[in-house]
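As a plain string of letters, each chain reads:
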Amino acid sequence: MDLQTFRPPSFTGNMAFWVWNHVCKWRNYNRFGLETRSMSGAHFQKHLLSTKKSFRKNIGACVYCLYGMEKDPALPPKQHLIDARVIYSLAPALGHNQESHPESSARVPAIVDALEKMELTSKFRGSEIFELKSFKPASVDDIASVHAEAYVSGLEKAMDRALRQGIIFIDGSGPTYATATTFHESLVAAGAGLALVDSVVAASNISTDPPVGFALIRPPGHHAIPKGPMGFCVFGNVAIAARHAQRVHGLKRVFIIDFDVHHGNGTNDVFYDDPDIFFLSTHQDGSYPGTGKIGEIGRGAGEGATLNLPLPGGSGDTSMRNVFDEVIVPCAQRFKPDIILVSAGYDGHVLDPLASLQYTTGTYYMLASNIKQLAKDLCGGRCVFFLEGGYNLDSLSNSVVDSFRAFLGEPSLASKFDDPAILYEEPLNKVKQAIQRAKSLHYL
């Protein structure tokens with residue numbers, strides 16, 4: 001669908017922005033009284049006007065998302081940056097929701113609930129876990145560093161139609177939907193990632209062991225192509241952060257690891273001819289969107305700076321451990337990055353409904369632990385994770401919990417979450433062949 005064909009907005013900007021200011025006032029899924037059912041017309045507007053009354057005040061939780069702020073929000077205090085081992089930001093996009101859609105507004109609150117239940121927040125851990133609460137949304141210029149300006153302006157205009165209809169579809173292949181708050185909430189999601197990059201870089205300037213960043217945000221981003229949305233994704237959060245790291249912090253060489261079960265085609269396309277950003281994707285062979293063939297290695301000056309490794313269905317923990325040791329580590333060592341960014345999709349979990357890999361909570365613990373160590377070895381510990389997929393709320397939440405434990409250097413709880421009885425034999429011969437093909441193509 002061509003977003004530019006939507007009619008211009010009438011009072012969209014003011015109304016949608018008013019709604020977003022109140023969506024900011026949240027703490028977790030059990031505390032805000034916001035319903036996210038699909039509505040339309042006057043009924044939808046009536047609901048928006050009543051939303052203000054449904055929120056409980058929680059000043060500390062409100063993201064600074066007002067436009068027109070004269071100054072950027074300050075970085076965390078120096079001592080917090082020194083003490084923290086994990087720093088995270090939240091952008092739950094509560095207004096961006098379609099009932100029964102796998103990419104729903106329940107995802108981030110479910111993670112927050114699990115972190116609190118497992119005592120992995122600053123409330124329980126003090127200074128070693130820091131929630132970055134003050135950040136601005138990404139600017140249109142930030143988004144335009146990756147996406148076509150026509151797409152960005154077209155999406156903003158489409159909010160008028162979404163306000164009238166409640167739900168619109170902006171891409172049929174996903175399908176990717178939008179509500180009246182999608183544009184602003186997508187800016188906030190991208191902004192949450194940029195603020196983490198700023199914080200982690202600042203910490204690395206004063207500490208040899210900076211915290212790992214984790215942007216618990218939605219909508220996800222790695223399918224969004226330069227010209228538009230795709231596959232549940234609106235703006236390319238990790239790609240925007242990569243350009244930000246280069247432009248603002250002078251971190252020229254960016255290494256992106258994408259372990260989502262689906263190929264990150266949007267990130268792939270943005271940097272396909274860029275030699276300074278290495279994009280490495282592991283994904284299930286034949287899964288949506290059908291891109292990411294092993295022979296797709298970059299173009300022109302960027303040839304060799306893209307590595308796609310499609311894995312056969314049934315691949316699991318052993319397969320990913322072999323991929324990490326034999327492919328990811330030597331690639332990163334040769335590339336010598338200044339920062340590592342991670343598209344952290346948890347939809348490769350054996351319990352996830354949208355694919356058929358056999359990753360477990362333990363797989364994600366291993367990835368989080370090893371990537372943190374890789375960043376410490378190669379780029380001063382500068383590393384930020386970005387939430388992508390993951391649609392079984394239990395496996396998603398447990399896997400993020402175990403990732404936090406990996407960042408903290410604490411033992412995995414995978415044995416409490418995983419059921420080995422549901423696993424079956426991995427196709428290790430096929431995986432070995434894929435690894436050898438990738439090593440040959442990239443001279444590893």
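Residues numbered from 1 in each chain as written. Predicted model: local features only at pLDDT ≥ 70, side-chain atom pairs only at ≥ 80, totals over all residues. Heavy atoms only, no water.

Asker: Just checking my understanding: could you explain the overall build of the protein chain for this structure?
Answerer: A count of helical and extended segments in the protein chain gives 15 helices and 10 strands. Of the contacts made within the protein chain by residues no fewer than 6 positions apart, 80% connect residues no fewer than 24 positions apart. (Helix = DSSP H or I, 4+ residues; strand = E, 2+ residues; numbered from the N terminus. Contact = heavy atoms within 4.5 Å.)

Asker: In this structure, what is going on with the state of the cysteines? I would like to understand it.
Answerer: Evaluated as defined, the whole model comprises zero disulfides. The closest cysteine sulfur to the non-disulfide-bonded cysteine 383 is located on cysteine 379, 7.1 Å from its own sulfur. On the basis of relative accessibility, which here comes to 0%, the residue cysteine 383 falls in the buried class. (Disulfide = S-S within 2.5 Å. Buried < 20%, exposed > 50% of the residue type's maximum accessible area, 1.4 Å probe, protein only.)

Asker: For this particular structure, what's the right way to read the nonpolar core?
Answerer: Formed by 62 residues in total, the largest nonpolar core has its most connected members in Phe214, Phe255, Leu309, Ile340, Ile371 and Phe385. A per-element tally of this core places helix H11 (residues 317-335) first, with nine residues. When neighbours within four sequence positions are excluded, phenylalanine 255 is seen to be in contact with Phe278, Leu280, Ile328, Cys331, Ala332, Phe335, Pro337, Ile339, Ile340 and Leu341. Among the nonpolar cores identified, the runner-up in size contains 51 residues, and Phe135, Val188, Val200 and Ile240 belong to it. (Core = buried A, V, L, I, M, F, W, Y, C linked by side-chain atoms within 4.5 Å.)

Asker: For this particular structure, what's the right way to read the pattern of salt bridges?
Answerer: A side chain of one charge can pair with a side chain of the opposite charge if their charged atoms are brought near each other. Counted according to the given criterion, the structure contains 12 salt bridges. A salt bridge links arginine 218 to glutamate 103, with the shortest nitrogen-to-oxygen separation between them at 2.7 Å. Note that arginine 218 is positioned in the loop between strand E5 (212-217) and helix H9 (237-249) and glutamate 103 in the loop between strand E1 (86-91) and helix H4 (107-117), a separation of 115 residues in sequence. Salt-bridge contacts for aspartate 317 lead to arginine 321; the nearest nitrogen and oxygen are separated by 2.6 Å. With aspartate 317 and arginine 321 both in helix H11 and four residues apart, this pair spans about one turn of that helix. A residue is classified by how much of its surface remains accessible, and arginine 321, at 38% relative accessible area, is partly exposed. Several salt bridges converge on common partners, so that one network encompasses Arg85, Arg125, Glu128, Arg405 and Glu410. (Salt bridge = Lys/Arg side-chain N within 4 Å of Asp/Glu carboxyl O.)

Asker: How do you make sense of the pairing of strand E7 (residues 277-284) when you look at a structure like this?
Answerer: Along any regular strand the residues' side chains alternate between the sheet's two faces. For E7, the tally of buried residues reaches eight of eight residues, placing the bulk of the element in the interior. Side chains Ile277, Phe279, Ser281 and His283 project from E7 onto one buried face, and the interleaved Phe278, Leu280, Thr282 and Gln284 project onto a second face that is buried too. Bridge count for strand E6 (residues 254-258) against E7 is five bridges, and the pairing is parallel. Of the residues in E7, the one forming a bridge with isoleucine 256 is phenylalanine 279. Once you follow E6 into helix H10 (residues 265-270) and on to E7, the crossover reads as right-handed. In this structure, E7 lies alongside strand E8 (residues 306-311), joined through six bridges in parallel fashion. Paired with phenylalanine 279 across the two strands is threonine 306, which belongs to E8. (Pairing = 2+ DSSP bridges. Right-handed = clockwise from strand over helix to strand, strands pointing away.)

Asker: Which parts of the structure should I look at to understand the packing of aromatic side chains?
Answerer: What characterises a pair of aromatic rings is the spacing of the ring centres plus the angle enclosed by the ring planes. If you walk through the whole model with that rule in mind, you get 16 aromatic pairs. Ring geometry for phenylalanine 183 and phenylalanine 235: centres 6.2 Å apart, planes at 80°, overall edge-to-face. Placement of phenylalanine 183 in helix H8 (residues 182-204) and of phenylalanine 235 in the loop between E5 and H9 is noted, with a sequence separation of 52 residues between them. Just as phenylalanine 183 is buried, phenylalanine 235 falls in that class too. When the centroid spacing of 5.6 Å and the interplanar angle of 35° are considered together, the rings of phenylalanine 214 and phenylalanine 385 count as tilted. A residue pair is termed long-range when its members are at least 10 positions apart, and phenylalanine 214 in strand E5 and phenylalanine 385 in strand E10 (residues 383-387) qualify at 171 residues. One aromatic cluster is present, built from ring pairs that chain together Tyr88, Phe214, Phe385, Phe404 and Phe407. If you follow arginine 253 out to its NZ or CZ, it ends over the ring of phenylalanine 335, 4.0 Å from the centre. (Phe/Tyr/Trp six-rings, centres within 6.5 Å; stacked < 30°, edge-to-face > 60°. Lys NZ or Arg CZ within 6 Å of the ring centre and 35° of its normal.)

Asker: Sorry if this is basic, but what is going on with H11 here?
Answerer: Over its 19 residues, H11 runs 25 Å from end to end, which matches the ideal 27 Å to within 8%, given 1.5 Å per residue. Along H11, the helix axis deviates most sharply at phenylalanine 324, where the bend reaches about 40°. Restricting attention to buried positions, one finds in H11 the residues Asp317, Ser319, Met320, Val323, Phe324, Val327, Ile328, Val329, Cys331, Ala332 and Phe335. Where the residues of H11 are buried, they touch E6, E7, E8, helix H12 (361-378) and helix H15 (428-441). (Expected span 1.5 Å × (residues − 1). Bend = angle between axes of the 7 residues up to and from the residue.)

Asker: Whenever I open this one, the side chain of serine 89 confuses me. Can you help?
Answerer: Along the chain, serine 89 falls in strand E1. Once residues lying within four places of it in the same chain are set aside, the contact partners of serine 89 are Leu132, Phe135, Ala192, Leu196, Phe214, Ala215 and Leu216.

Asker: Can you help me understand unusual backbone geometry in this one?
Answerer: The general pattern is negative phi for most residues beyond glycine and trans for most peptide bonds. A cis amide bond links arginine 218 with the next residue in sequence, proline 219, at an omega value of 0°. Cis geometry marks the peptide bond from tyrosine 288 to proline 289; its omega dihedral reads 0°. Here proline 289 lies in the loop between E7 and E8. Although it is not a glycine, glutamate 119 adopts a positive phi angle of roughly 60°. Along the chain, the position of glutamate 119 falls in the loop between H4 and helix H5 (122-125). Among the residues examined, glutamate 119 registers a relative accessible area of 43% and is labelled partly exposed.

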